[in-house]
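Below are the chains, spelled out letter by letter.
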Amino acid sequence: MSSTPARGPVDATVTPRFAGPATFARLPRIDEVDRVDVAVVGVPFDSGVSYRPGARFGPSHVRASSRLLRNYNPVQDVEPFSTQQVVDAGDIACNPFDIEEAVRQIDAGARSIVERGARLMTIGGDHTIALPLLRVMEEVHGPIAVVHFDAHLDTWDTYFGAPVTHGTPFRRASEEGLIDQTGSMHVGIRGPLYSRQDLTDDEMLGFQVLGAHDMDDLGWRGAVERIRARVGDRPTYVSLDIDVLDPAFAPGTGTPEAGGLTSRELLGILRAFAELNLVGADIVEVAPAYDHAEVTGIAAAHAAYELISAMAPRDQRAERAPGTGHRGGGRR
Ligand SMILES: N=C(N)NCCCC(=O)O
Ligand SMILES: [Zn+2]
Ligand SMILES: [Zn+2]
């Protein structure tokens, strides 16, 4: 990592939060800085959905809902925008009428950012986008441990004969050898399936399942233990479908299912990922047309914030001021 100080968000004590740039957390654009450690990139693609459309508007909604994020994360005890250069890399333009071409465009767009040495924090878009993102991750890291947060398995085979959709990315990824079949798992699975066979297939494809109902007995700390035991120190990619949250916490999504995680459970789990070898992440399926009062957008923005914090270098953690639990002066 370079010693140039990172350029953080626009100072909210000078420019009000509701003014200024529309970038994620009001961070600099990628072309405004000369180094990139973490790139927030939007993928406004939703032509792979099986039910409600609208996740193409997810990136701009999550950016708008991220205006209130601040620079010091007291629970992870880190300044994620100071200890690493986080930028907004804009949106990857992709063809809404041709899924194959869109997937190639996402692959190329993500690859060009990763080639600069940055870690990706991608904002979708529907879950189809995880397939090209995992192809890029595999190229750099080899078969990768995937921690997949979702109400849905997304290891189904085809929809109306289409192999590349938002319900199929992890089957395609497993078939292509992109995932580490000994280190991958789903978290938050719930709701009706097509048949019992779905679970048999899913296990064959290399996933362990931690269901939403397991949270009742395990609590989020128990879930963290299970995740840690499964992924260990493997290079790990997090794919986070916002519908892992209960519709009470994330109404703005395309295929909602009752009985999901609370935002607090999810954020608790993500904070613990500072201990994992986190190499990239996506947050998908935010569909603002069904959102209210930015509830879903804010949950997604905070999840991204915890993931970016978990990526921050450990040895440069902020010094904790004695007795306060946080540092003074950081009022961004
Ligand atoms: N990836 C998401 N959000 N949903 C997949 C649902 C697939 C189905 O309609 O059965
Ligand atoms: Zn889902
Ligand atoms: Zn999904």
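This text goes with the structure placed above it.
Notes on the structure follow. Here the structure is a predicted model, which is why all the values come from computation and not from measurement.

## Considerations on the pairing of strand β4 (residues 145-149)
Okay, so step 1: In terms of burial, β4 is a largely internal element, five of the five residues being buried.
Okay, so step 2: Because side chains alternate across β4, one face comprises the buried residues A145, V147 and F149, and the other comprises V146 and H148, equally buried.
Okay, so step 3: Of the pairings in the sheet, the one linking β4 to strand β7 (residues 235-241) comprises five bridges and is parallel in character. Bridging across to β7, H148 finds its partner in S239.
Okay, so step 4: Strand direction decides the pairing type here: β4 and strand β5 (residues 184-189), joined by three bridges, are parallel. Paired with F149 across the two strands is V187, which belongs to β5.
Okay, so step 5: Taken together, β4, helix α4 (residues 169-175) and β5 form a β-α-β motif whose crossover is right-handed.

## Things to note about the site of ligand 1
Okay, so step 1: Around ligand 1, the structure places S50, Y51, H127, H152, D154, H166, G167, D241, D243, G254, T255 and E285.
Okay, so step 2: Its residues placed into classes, the shell around ligand 1 shows one nonpolar, seven polar and four charged.

## With respect to the sheet that holds β7
Pairing between sheet strands relies on hydrogen bonds along the backbone, with the strands arranged either parallel or antiparallel.
Okay, so step 1: Read from one edge to the other, the open sheet built from eight strands follows the order β2-β1-β3-β8-β7-β4-β5-β6, with strand pairing classed as parallel. Edge positions in the sheet fall to β2 (86-91) and β6 (207-211), since each of these pairs with one other strand and no more. With strand direction ignored, the average angle separating the axes of adjacent strands in the sheet is 15 degrees.
Okay, so step 2: Here four bridges tie strand β1 (residues 38-43) to β2, and the two strands are oriented parallel to one another. Of the residues in β2, the one forming a bridge with V38 is V86.
Okay, so step 3: Strands β4, β5, β6 and β7 of the sheet are contacted by helix α6 (residues 214-231), whose axis makes an angle of about 155 degrees with β6.

## Here we look at the pairing of β5
Within a regular strand, the side chains alternate between the two sheet faces.
Okay, so step 1: By the criterion of burial, β5 is predominantly enclosed, with six of the six residues buried.
Okay, so step 2: Of the pairings in the sheet, the one linking β5 to β6 comprises five bridges and is parallel in character. Looking at β6, one finds that S184 is bridged to F207.
Okay, so step 3: With helix α5 (residues 197-204) bridging β5 and the parallel β6, this β-α-β connection has right-handed handedness.

## Details of the packing of helix α7 (residues 263-271) against helix α8 (residues 295-311)
The axes of two packed helices give the description: the angle between them and the distance between them.
Okay, so step 1: Axis separation between α7 and α8 bottoms out at 9 Å; the angle between their running directions is 15 degrees. Classed by the angle they form, the pair α7 and α8 counts as roughly parallel. Crossing handedness for the pair α7 and α8: right-handed. The segment α7 lies against α8, with S263, L266, L267, L270 and R271 engaging A299, H302, A303, E306, L307 and A310.

## Let's talk about unusual backbone geometry
Okay, so step 1: Cis geometry is adopted by the peptide bond preceding G125, which originates at G124 and carries an omega value of 10 degrees.
Okay, so step 2: Secondary-structure assignment places G125 in the loop between β3 (119-124) and α3 (130-141).
Okay, so step 3: The phi torsion at A25 lies on the positive side, around 55 degrees, for a residue other than glycine.

Analysis parameters
Residues numbered from 1 in each chain as written. Chains lettered and ligands numbered in written order. Predicted model: local features only at pLDDT ≥ 70, side-chain atom pairs only at ≥ 80, totals over all residues. Buried ≥ 20, exposed ≤ 12 C-beta atoms within 10 Å, placed from the backbone. Helix = DSSP H or I, 4+ residues; strand = E, 2+ residues; numbered from the N terminus. Pairing = 2+ DSSP bridges. Right-handed = clockwise from strand over helix to strand, strands pointing away. Near = placed C-beta within 6 Å. Nonpolar A, V, L, I, M, F, W, Y, C, P; charged D, E, K, R; others polar. Axes fitted to C-alpha atoms, helices over the stretch in contact; angles between N-to-C directions. Contact = placed C-beta atoms within 7 Å. Parallel < 35°, antiparallel > 145°, perpendicular 65-115°, else oblique. Left-handed = near helix turned anticlockwise from the far one by under 90°.

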